[in-house]
Amino acid sequence: MADDEMEQKSSQEAQVKEQTDPERDKVSYVYDELLDMLEVINEGYPEFNSDGSVGFRTLRMFVDDSQKRANSFTPSNDTQGKEDWQANFFSKTTRNKCKALLAGIAKNPPALSMTAVNEKNETSVLRAEMMKTCVDASYVEGDNNPKLEMFYDGWNCTVDGTVIKYDGYLKVKNKLKYVTNYDPTTGEIETEEREEYTEDQAIEVQIPLLNFLIKNAYIRDLQKQPAVAWVEIKSEEEAEYEWGGFKNWSKVKHCGELISPELQSAFFGDKWMKRVRDKQYEIVKYYNKIKDCYRVVINGVLILDAPLLWGRKRKKYPFAKTILEPFANSNFFWGNNLPNILMGEQDVENALVNSFTDITYREVTTPLLVGMVNKDNFDLEDDQVDSDTRIYVDDVSQ
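If you're wondering where the values come from, they're calculated on a predicted model, not measured in any experiment.

Undergrad: Provide a residue-level description of the sheet that holds strand E4 (residues 227-235), including the pertinent values.
TA: Spatially, five strands are ordered E3-E4-E5-E6-E7 in an open sheet, and the strand pairing comes out antiparallel. The open sheet is flanked by strand E3 (212-214) and strand E7 (301-306), the only strands paired with a single partner. The mean angle between the axes of side-by-side strands here comes to 15 degrees, regardless of whether they run parallel or antiparallel. In the sheet, strand E6 (residues 293-298) pairs with E7 via five bridges, with the strands oriented antiparallel. Considered in E7, the bridge of isoleucine 298 is made with valine 301. Across the face of the sheet, helix H2 (residues 21-42) comes into contact with E3, E4, strand E5 (280-288), E6 and E7 while running at roughly 90 degrees to E5. Each of E4, E5, E6 and E7 is contacted by helix H7 (residues 236-243), which is oriented at about 125 degrees to E4, the strand it contacts most.

Undergrad: How would you summarise unusual backbone geometry if you had to cite specific residues and measurements?
TA: Unlike most non-glycine residues, asparagine 49 shows phi in positive territory, near 75 degrees. With respect to the helices and strands, asparagine 49 occurs in the loop between H2 and helix H3 (59-70). The phi dihedral of serine 72 is positive, around 55 degrees, even though this residue is not glycine. Take serine 72: it is sitting in the loop between H3 and helix H4 (93-106).

Undergrad: Describe in detail the pairing of strand E1 (residues 162-183), supporting the description with residues and values.
TA: For a regular strand, side-chain orientation follows a simple rule: the groups alternate between the two sheet faces. With five bridges joining them, E1 and strand E8 (residues 319-323) adopt antiparallel strand pairing. Residue pairing for E8: valine 163 is matched across the bridge by threonine 322. Here 19 bridges tie E1 to strand E2 (residues 188-207), and the two strands are oriented antiparallel to one another. Within E2, the position partnered with lysine 171 by the bridge is aspartate 200.

Undergrad: How would you summarise the environment of glutamate 204 if you had to cite specific residues and measurements?
TA: Take glutamate 204: it is sitting in strand E2. Looking at glutamate 204, the relative accessible area reads 28%, which means it is partly exposed. Not counting residues up to four positions away in its chain, the partners in contact with glutamate 204 are Tyr139, Lys165, Tyr166 and Asp167.

Undergrad: So what about the packing of aromatic side chains? Which residues, and what values?
TA: Under the counting rule described, the total for this entry stands at 27 aromatic pairs. Relative to tryptophan 334, the ring of phenylalanine 333 lies with its centre 5.5 Å away and its plane at 90 degrees, an arrangement referred to as edge-to-face. Across the pair, exposure class does not vary: phenylalanine 333 and tryptophan 334 are buried alike. Of the aromatic side chains, those joined through ring pairs into one cluster are Tyr45, Phe48, Phe62, Tyr218, Phe327, Phe332, Phe333 and Trp334. The ring of tyrosine 166 is capped by lysine 285, whose NZ or CZ atom sits 6.0 Å from the centre of that ring. A cation sits over an aromatic face here: lysine 285 above tryptophan 230, 3.9 Å from the ring centre.

Undergrad: I'd love a proper account of the layout of surface pockets, names of residues and values included.
TA: It is the rolling of a water-molecule-sized probe over the atoms that shows where space remains empty. When its volume is computed, the second largest pocket comes out at roughly 520 Å³. Secondary structure elements with two or more residues in the lining of the second largest pocket: H3 and helix H11 (343-364).

Undergrad: Give me the lowdown on the side chain of glutamine 346, citing residues and values where you can.
TA: Structurally, glutamine 346 can be placed in helix H11. A polar contact is formed between the side chain of glutamine 346 and the side chain of serine 91, at a distance of 2.7 Å. Among the polar contacts listed, one links the side chain of glutamine 346 to the side chain of threonine 94, at a separation of 2.6 Å. Excluding its chain neighbours within four sequence positions, the residues that come into contact with glutamine 346 are Arg69, Phe90, Ser91, Thr93 and Thr94.

Conventions used here
- Residues numbered from 1 in each chain as written.
- Predicted model: local features only at pLDDT ≥ 70, side-chain atom pairs only at ≥ 80, totals over all residues.
- Heavy atoms only, no water.
- Pairing = 2+ DSSP bridges.
- Helix = DSSP H or I, 4+ residues; strand = E, 2+ residues; numbered from the N terminus.
- Axes fitted to C-alpha atoms, helices over the stretch in contact; angles between N-to-C directions.
- Contact = heavy atoms within 4.5 Å.
- Buried < 20%, exposed > 50% of the residue type's maximum accessible area, 1.4 Å probe, protein only.
- Phe/Tyr/Trp six-rings, centres within 6.5 Å; stacked < 30°, edge-to-face > 60°.
- Lys NZ or Arg CZ within 6 Å of the ring centre and 35° of its normal.
- 1 Å grid on protein atoms, 1.4 Å probe; cavity = no way out; pocket = protein on both sides within 12 Å on 5 of 7 lines; lining within 4 Å.
- Points joined across faces, edges and corners; volume = space filled by probe spheres on them.
- Polar contact = N/O pair within 3.5 Å; in protein donor to acceptor, adjacent residues only side chain to side chain.

What follows is the structure, encoded as structure tokens:
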């Protein structure tokens, strides 16, 4: 038993030493920046309207409410202070308006236009045409369906108000099993294993708004943000598939492996463990134009430390953003959406329909005045009449 404890302690010490000081400093900087960006996301803004109490809604509350309205989500009677007999109806006006707006846009995707310009501001039609052809090919390559993608992009922009997409290249080498012989009568299979590039193509990924972090909510242009971050939570298999070939991947641990305070401290457990479950991996991709820095940190381990890979003299973030429409302060990073724009009309319509339904219900089932002396008789006599249609009084003659 003592030998096992000594071996475990030695293993933990070795894992702690694997986190070198230069790498720890870089990881610490990324997590400090991430904390600042999370505060931006979690702050309330007047553009998102009031939260019904004393403050303003956050981005999470804004997106959550907008999606519920687009889904015609109906809150319970209790949360609205209604009695059980009262109507609880949420009309589909907002959802239908979203579909009507999208129908006029998504069926005709806009054509791609490109211009090639050098440092002397000279244009090249031939280079622009070549780039356009390459980009067009990347959209229709393999199973890609640009019209379907345009439909979903348009829907998300209408409902959320903002769409952010990552444009990059995915190249992954993986071990695959090839069938060399198969006997259908016995089910016996012979295979051989070979290492192949399973992914080798340009990709476009839509990023959930809450997963894309920024430094300043009042800088409209994404490319002018001092720094941005993209945070993903993935399973062990997903994370290893994409990042397993990188040098430091073998150092990455999940929550269940960080069993001692020393290990948790070495791997910055206090910075990320509360956001993931066991055997999940938080992948933080951090981009900074000012420092010309691109870093990837997974569960406290520095996986990649490089300059920005996009652009030469003028570096670029590999992201694009569009909004449905700006708020009154056009410098606000996020855009307004249709459910929020129609909030007033939708709430009035719901209130009117529910009120008229309640009135009609009361006209059909007129309440009865029942003396307290007859209470037990009425309860047993008529099962069709519920407690909401009877008003008990001491004396019906008064």
